[in-house]
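# Residue-level structure breakdown
Each chain, written out:
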Amino acid sequence: MNKAKSLGIAAMGLAAVLVLLQPSQAGQGEEGLAKAIADYLVAARGVIARNQTLINDSAKGDKGFTPAVFEGQVTEEFKKVGGIDLKTATNSSPTGKALLELNDAAKEVIADAQPEINEQGKAFKGFTPAIFGARTGDKFYKKTKLKLKQTSLKFRGDYNRPDDFEEEVLKKFEAKWDKGKPYMEETTLGGRKVVRYMKPLYIATSCLTCHGDPAGEMDISGRIKEGYKEGDLRGAISVIVPVK
Ligand code: HEC
């Protein structure tokens, strides 16, 4: 073999190693998967919160808030929150596959809710970020067996009640904790090895109509306002991913 040829082969070998060392764009392993799922739900809940005034407009029938409109908005928001472009997600990685399933679940929830959202003459229809999140988490679980839920120490819905693990972590978030930092732990659940991932959720301006002041007064959903201020910890998104 001449020198130039062997150098060429060595260069090709090096290029192959470099390609293998590239991290996959969607993030690898259970942690990347859990993070992507939690970030998607944060982004999607944000989209619902920002469309709340439109959804609650009693004078308007057709709101035009279709699955396609939702998808456009969530794609933009998820780029900001999760750093991933949904348009480039594919089934070839576990994270990409889960994200596509989750996006489908969310769009199905929006599609199923069209009669609810488009009802004229009714202001509050019960379609909130929390209800959207719960319905999406249920559908996603049925498709993937990956658990995705929202929870809080001050939960309103009993199905959002934290389990012992979630309660511990929420207390950590409430004590001394770097704002926005997620918590991750490999543990066992029902005899299975799992990764548990929790991402703290904070109160934004759009949440205050229902969760803000004055505490103890009724919000438009007929529930009691908690009196949170902007930036307060509201709860967390909790994800459970089995370890293979
Ligand atoms: C239109 C009123 C409304 C708005 C706006 C709203 N929420 Fe809620 N939120 C609710 C209701 C009602 C529930 C309870 C849902 C149920 O009955 O299960 C809830 C539940 C939750 C939960 C689940 C824990 C629990 O209490 O059951 C979280 C977390 C939450 N909200 C966070 C937020 C955040 C963060 C925002 C802003 C981005 C927000 N909410 C905006 C009405 C609202």
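Structure first, text after, so check above.
What comes next is a walk through the structure. Not measured: the values here are computed from a predicted model.

Further remarks concern the coordination of the iron atom of the ligand. Only one protein atom coordinates the iron atom of the ligand: His211 (NE2), located 2.1 Å from the metal. Along the chain, His211 falls in helix α9 (residues 208-211).

For helix α4 (residues 67-82), the full list of buried residues reads Phe70, Val74, Thr75, Glu77, Phe78 and Gly82. At its buried positions, α4 is contacted by α2 (29-50), α5 (94-112) and α7 (129-144).

On to the site of the ligand, then. Taken together, the neighbourhood of the ligand is formed by 24 residues, with Arg156, Tyr159, Cys207, Cys210 and His211 sitting nearest. In this structure, Tyr159 approaches the ligand through a side-chain N or O atom, which is 2.3 Å from an oxygen atom. Here Arg234 contributes a side-chain N or O atom positioned 2.6 Å from an oxygen atom of the ligand. Of all elements in the fold, only α2, β3 (192-202) and α9 reach the threshold of two or more residues within the shell around the ligand.

Quick look at the side chain of Asn51 now. Residue placement: Asn51 occurs in the loop between α2 and α3 (52-55). In this structure Asn51 comes out as buried when scored by relative accessible area, which is 9%. When near neighbours in sequence (up to four residues on either side) are disregarded, Asn51 contacts Phe65 and Gln73.

On to the packing of α4 against α5, then. Contact geometry of α4 with α5 gives a least axis separation of 9 Å together with a crossing angle of 140 degrees. By the angle between their directions, the pair α4 and α5 is classed as oblique. For the element pair α4 and α5, the recorded crossing hand is right-handed. Along its contact with α4, which presents Pro67, Phe70, Glu71, Val74 and Phe78, the element α5 presents Leu99, Asn103, Ala106, Lys107, Ile110 and Ala111. Its residues assigned to classes, the contact of α4 with α5 comprises 8 nonpolar, 1 polar and 2 charged.

Each value, and the rule that gives it
Residues numbered from 1 in each chain as written. Predicted model: local features only at pLDDT ≥ 70, side-chain atom pairs only at ≥ 80, totals over all residues. Heavy atoms only, no water. Donors = N, O, S within 2.8 Å, 3.2 Å for Na, K, Ca; no water. Helix = DSSP H or I, 4+ residues; strand = E, 2+ residues; numbered from the N terminus. Buried < 20%, exposed > 50% of the residue type's maximum accessible area, 1.4 Å probe, protein only. Contact = heavy atoms within 4.5 Å. Near = heavy atom within 4 Å. Polar contact = N/O pair within 3.5 Å; in protein donor to acceptor, adjacent residues only side chain to side chain. Axes fitted to C-alpha atoms, helices over the stretch in contact; angles between N-to-C directions. Parallel < 35°, antiparallel > 145°, perpendicular 65-115°, else oblique. Left-handed = near helix turned anticlockwise from the far one by under 90°. Nonpolar A, V, L, I, M, F, W, Y, C, P; charged D, E, K, R; others polar.

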